[in-house]
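Notes for the structure review
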Amino acid sequence: MYKVLVTSKSFAKYNPEVIGELKEKGIQLVRASKSNMTDEEIAKEIVDYDGLVCGIDPINEKVISAGKKLRVIHMNGTGVDHIDIEAATRHHVYVGNCPGANAVAVAELNLGILLAEARKIVKHSNLIEEGKWERETGVELTGKTMGILGIGAIGKHFVELLKGFHMKVLAYDVKPDVEWCRENNVELVSDTKEIFKTCDFISLNLPLVESTKYVINKDSLKLMKKDAIIVNTARGGLIETDNLVEALKNHEIRGAALDAFEHEPLPDDDSLRTLDITLTPHIGASSVETMKNVTCIIARHLEEVLLQGNATNMINY
């Protein structure tokens, strides 16, 4: 019987029958002793396990080297910037994820928090709860220009959702789907500066890699319109937080809607909490449909690697 440690709280939450199905096939899933574990805590628990299903836990050299029997690490979602893939490869451990599985959920939240920020929906709701009747004038999306950094599965679905707003859409991607962009009236640009300078709204749908880290920084913020709103449902490391806070405090841009942060959970004393912006606790993929889909994909991948010796769906195959 293969044993797999599960540190992600949401794995199999909405289709728990998968756990029994895997056990019948020879893979036993075991929930971790607690949530939001440190690398040291995971390293202590991983020793006797063949696999690991994680959330955004820190999976580094310490964890990987402690897993003497470890054969596969699987992200309960898409992003793997918190997993040391090089270390995993050195230790002959496969790393998997679920690309595209959360595209609908993240794209819908992307639009949701953008609208919330543009019209200050959360702020007005909170004012009502406080017994106040105050109004702040917002801005409309219709007819404006949207800039999308990263036109992969999430970016594409976001474009589909925007069609009813009759917006002009500019996009930047290292490896864009040129034909799809042409068919969907998305104007590809070769330089992010064009997006920063001309767009009313800027959506970050990029993976966090060395070339994308702090793509939103002091220089890029200086290029933006005074009424620009930034949306980030990808990774916190795409934004240099101190620069964003300064730009917002100085009214250099209009606002921000953020679902991802460099440090999660967001610390109580984080300066972002002091601003009049829209913040959500990294819930982009938190839909019942996505969680069910991701669980099924992971179950299939665990079977392939542990039972069949087939790693073709792994990132570092």
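Use the structure listed above.
Just so you know, these numbers come straight off a predicted model, no measurement behind them.

1. Side note on the overall build of the protein chain
- The secondary structure content of the protein chain amounts to twelve helices and twelve strands.
- Taking 2.2 N^0.38 as the reference for a compact globule, 317 residues should give roughly 20 Å; the C-alpha atoms of the protein chain span a radius of gyration of 21 Å, in line with that estimate.
- Counting only C-alpha atoms, the protein chain reaches 60 × 50 × 35 Å along its principal axes.
- Put simply, the protein chain has 317 residues, and 50% of those count as buried.
- With an accessible surface of roughly 15600 Å², the protein chain has 49% of that area assigned to carbon and sulfur atoms.
- Averaging the positions of the 37 positive and the 47 negative side-chain charges in the protein chain gives two centres separated by 1 Å.

2. A short note on the pairing of strand S6 (residues 145–149)
- When you tally the buried positions in S6, you get five out of five residues, the bulk of the element.
- With burial as the criterion, each face of S6 is covered, one bearing Thr-145, Gly-147 and Leu-149 and the other bearing Met-146 and Ile-148.
- One ladder, built from five bridges, connects S6 with strand S7 (residues 168–172); its direction is parallel. Bridge pairing in S7 links Ile-148 to Ala-171.
- Crossover connection from S6 via helix H7 (residues 153–162) to parallel S7: handedness right-handed.
- Looking at chain direction, S6 and strand S9 (residues 201–204) are connected through four bridges and run parallel. Across the sheet, residue Gly-147 finds its bridge partner in S9, namely Ile-202.

3. Re the packing of aromatic side chains
- In the structure shown here, the tally under the stated rule is zero aromatic pairs.
- In this arrangement the basic side chain of Lys-3 is found over the ring face of Tyr-49, its NZ or CZ atom lying 4.7 Å from the centre.

4. Remarks on the side chain of Ser-220
- Within the secondary structure, Ser-220 is located in helix H10 (residues 218–223).
- The class for Ser-220 is buried, based on a relative accessible area of 4%.
- Within polar-contact distance, the side chain of Ser-220 engages the backbone oxygen of Val-215 at 3.2 Å.
- Within the structure, the side chain of Ser-220 is placed 2.7 Å from the backbone nitrogen of Asn-217, a separation counted as a polar contact.
- In contact with Ser-220, not counting residues within four places along its chain, are Phe-196 and Val-215.

5. Details of the sheet that holds strand S12 (residues 278–279)
- Read across the sheet, seven strands follow the order S8-S7-S6-S9-S10-S11-S12 without closing on themselves; strand pairing throughout is parallel. Looking at the sheet topology across the chains shown, the edges are occupied by strand S8 (186–188) and S12.
- Pairing between strand S11 (residues 255–258) and S12: two bridges, direction parallel. Bridge pairing in S12 places Ala-257 opposite Thr-278.

6. Brief notes about the state of the cysteines
- Tallying each qualifying case throughout the model produces zero disulfides.
- Unpaired in terms of disulfides, Cys-98 finds its nearest cysteine sulfur in Cys-296, a separation of 10 Å.
- For the unlinked cysteine Cys-181, the closest cysteine sulfur is that of Cys-199, found at 14 Å.
- Residue Cys-181 is classed as buried on the basis of its relative accessible area of 1%.

Criteria and cut-off values
- Residues numbered from 1 in each chain as written.
- Predicted model: local features only at pLDDT ≥ 70, side-chain atom pairs only at ≥ 80, totals over all residues.
- Heavy atoms only, no water.
- Helix = DSSP H or I, 4+ residues; strand = E, 2+ residues; numbered from the N terminus.
- Rg over C-alpha atoms; globule rule 2.2 N^0.38 Å.
- Buried < 20%, exposed > 50% of the residue type's maximum accessible area, 1.4 Å probe, protein only.
- Areas by Shrake-Rupley, 256 points an atom, 1.4 Å probe, with all protein chains shown as cover.
- Lys, Arg positive; Asp, Glu negative; His and termini not counted.
- Charge placed at Lys NZ, Arg CZ, Asp CG, Glu CD.
- Pairing = 2+ DSSP bridges.
- Right-handed = clockwise from strand over helix to strand, strands pointing away.
- Phe/Tyr/Trp six-rings, centres within 6.5 Å; stacked < 30°, edge-to-face > 60°.
- Lys NZ or Arg CZ within 6 Å of the ring centre and 35° of its normal.
- Polar contact = N/O pair within 3.5 Å; in protein donor to acceptor, adjacent residues only side chain to side chain.
- Contact = heavy atoms within 4.5 Å.
- Disulfide = S-S within 2.5 Å.

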